[in-house]
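Take a look at the letters that make up each chain.
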Amino acid sequence: MLFVLLGLGCAKKVAWKISPVPTVEVDTALVSVAAQGAECRELADEVLAVLGTRPGVRIEPDAPTRLVVRDCEQFLATIVEVQEAMGDDITDTSRRRLTVEGTGGATIEVWSGEVVIASLTPQEFHTESSSWADEGRIPAPRARAVTQALNKGVAVAVADDLAPLPESLERKLYANAEPGTARALHNSAVEAEQSGDLDKAMRLAREAYAADPSQRSMRYLEQLEVHAQRVGYAWNTEQ
């Protein structure tokens with residue numbers, strides 16, 4: 001775990017990395033990706049490319065973990081926006097631009113050996129707009145860019161479900177906090193959170209809130225809850 005201390009006047013902040021728990025728990029050391037149908041080939045290639053950049057993931061054709069990309073759909077719509085001219089000059093003309101809106105999605109079956117253990121259904125939305133122009137000189141919309149962005153968005157969603165990237169946490173620490181005060185308790189809670197003892201961090205954070213029931217103290221309690229959810233931490237309810 002990497003700790004970084006950031007100076008901030010008489011206060012300071014500390015930052016470190018956490019490893020989110022994947023939505024689907026499967027061995028991603030070796031993964032293969034296949035398309036079911038020609039309409040899914042581009043998306044399958046994008047899923048393969050994005051997953052291949054994730055730490056600890058290797059792409060192998062005969063891997064025990066297999067992703068099958070199927071039921072790929074994309075819907076594009078072109079919208080004409082009109083901006084009316086202002087003023088009394090008869091030479092004034094309205095301007096227009098074209099916007100391409102796209103939605104896309106697919107079903108990704110996650111196979112472990114010969115068993116489907118999960119089916120992911122990621123959805124993505126993206127738009128591309130031309131610049132404003134006089135009628136008759138409107139540049140062509142970038143439909144291909146929308147298609148590529150939809151594939152990339154779906155592929156990133158799949159990678160995040162299977163092999164999420166580390167995330168950064170940042171917490172404020174109080175300088176020169178008097179022992180026994182809410183600020184000192186908060187600092188101790190952050191230290192416990194950094195070490196991975198979230199139960200101790202929660203206990204100290206609650207004590208800090210009891211000593212100073214402020215919005216700041218409540219916000220830190222909420223941040224601890226989010227941290228626990230992201231890393232799949234189970235609270236010790238016996239304390």
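Scoring rules and cut-offs
- Residues numbered from 1 in each chain as written.
- Predicted model: local features only at pLDDT ≥ 70, side-chain atom pairs only at ≥ 80, totals over all residues.
- Heavy atoms only, no water.
- Helix = DSSP H or I, 4+ residues; strand = E, 2+ residues; numbered from the N terminus.
- Contact = heavy atoms within 4.5 Å.
- Areas by Shrake-Rupley, 256 points an atom, 1.4 Å probe, with all protein chains shown as cover.
- Lys, Arg positive; Asp, Glu negative; His and termini not counted.
- Charge placed at Lys NZ, Arg CZ, Asp CG, Glu CD.
- Axes fitted to C-alpha atoms, helices over the stretch in contact; angles between N-to-C directions.
- Parallel < 35°, antiparallel > 145°, perpendicular 65-115°, else oblique.
- Left-handed = near helix turned anticlockwise from the far one by under 90°.
- Nonpolar A, V, L, I, M, F, W, Y, C, P; charged D, E, K, R; others polar.
- Buried < 20%, exposed > 50% of the residue type's maximum accessible area, 1.4 Å probe, protein only.
- Disulfide = S-S within 2.5 Å.
- Patch = residues over 30% accessible without salt bridge, like charges linked within 9 Å, V, L, I, M, F, W, Y side chains within 5 Å.
- Salt bridge = Lys/Arg side-chain N within 4 Å of Asp/Glu carboxyl O.
- Pairing = 2+ DSSP bridges.
- Right-handed = clockwise from strand over helix to strand, strands pointing away.

Asker: Explain the overall build of the chain to me, and be specific about the residues and the numbers.
Answerer: Secondary structure assignment for the chain yields five helices and 10 strands. Expressed along its principal axes, the backbone C-alpha trace of the chain runs to roughly 75 × 65 × 30 Å. For the chain, restricting intrachain contacts to residue pairs at least 6 apart in sequence, the fraction spanning at least 24 positions comes to 68%. As displayed, the chain has an accessible area near 14,000 Å², and 50% of this comes from carbon and sulfur atoms. Side chains of the chain give 24 positive and 36 negative charges; the mean places of these two sets differ by 6 Å.

Asker: Can you tell me about the packing of helix α4 (residues 198-211) against helix α5 (residues 215-231), naming the residues and giving the values?
Answerer: Here α4 crosses α5 at 165°, and the two axes come no closer than 9 Å. When the interaxial angle is binned, α4 and α5 end up roughly antiparallel. As for the relative orientation of α4 and α5, their crossing is left-handed in sense. Mapping the contact onto sequence places Leu 198, Ala 201, Met 202, Ala 205, Arg 206, Ala 208 and Tyr 209 in α4 and Ser 217, Met 218, Tyr 220, Leu 221, Leu 224, Glu 225, His 227 and Ala 228 in α5. Among the residues making up the contact of α4 with α5, the classes are represented as 11 nonpolar, two polar and two charged.

Asker: So what's going on with the environment of Leu 76? Residues and values would help.
Answerer: With respect to the helices, strands and loops of the structure, Leu 76 is situated in strand β5 (residues 65-83). The class for Leu 76 is partly exposed, based on a relative accessible area of 41%. Sequence spacing of Leu 76 and Thr 127 is 51 residues, and the spatial spacing of their C-alpha atoms is 9.2 Å.

Asker: Explain the state of the cysteines to me, and be specific about the residues and the numbers.
Answerer: Under the criterion given, the structure shown has one disulfide. Two residues, Cys 40 and Cys 72, share a disulfide whose sulfurs are 2.1 Å apart. Negative torsions about the S-S bond denote left-handed disulfides, and the value of about 120° found for Cys 40 with Cys 72 makes this one right-handed. Here Cys 40, found in the loop between β3 (30-35) and α1 (41-51), pairs with Cys 72, found in strand β5; they are 32 residues apart in sequence, far enough to count as distant. Assigned by exposure class, Cys 40 and Cys 72 land together as buried.

Asker: If you had to explain a positive patch on the surface to someone new, which residues and values would you point to?
Answerer: Judged by side-chain charge, Lys 172, Arg 183, Arg 216 and Arg 219 come together as a positively charged surface patch. With respect to the secondary-structure elements, Arg 219 resides in helix α5. Here Arg 219 falls in the partly exposed class, since its relative accessible area comes to 44%.

Asker: So, the pairing of β3: which residues are in play, and what are the values?
Answerer: Pairing of β3 with strand β4 (residues 58-59), which is carried by two bridges, proceeds in the parallel orientation. Bridge pairing in β4 links Leu 30 to Arg 58. In terms of handedness, the path from β3 via α1 over to β4 forms a crossover that is right-handed. Alignment of β3 against β5, held across five bridges, turns out to be parallel. Looking across to β5, one finds that Ala 34 is bridged to Val 68.

By themselves, these are just geometric observations and shouldn't be taken as functional.
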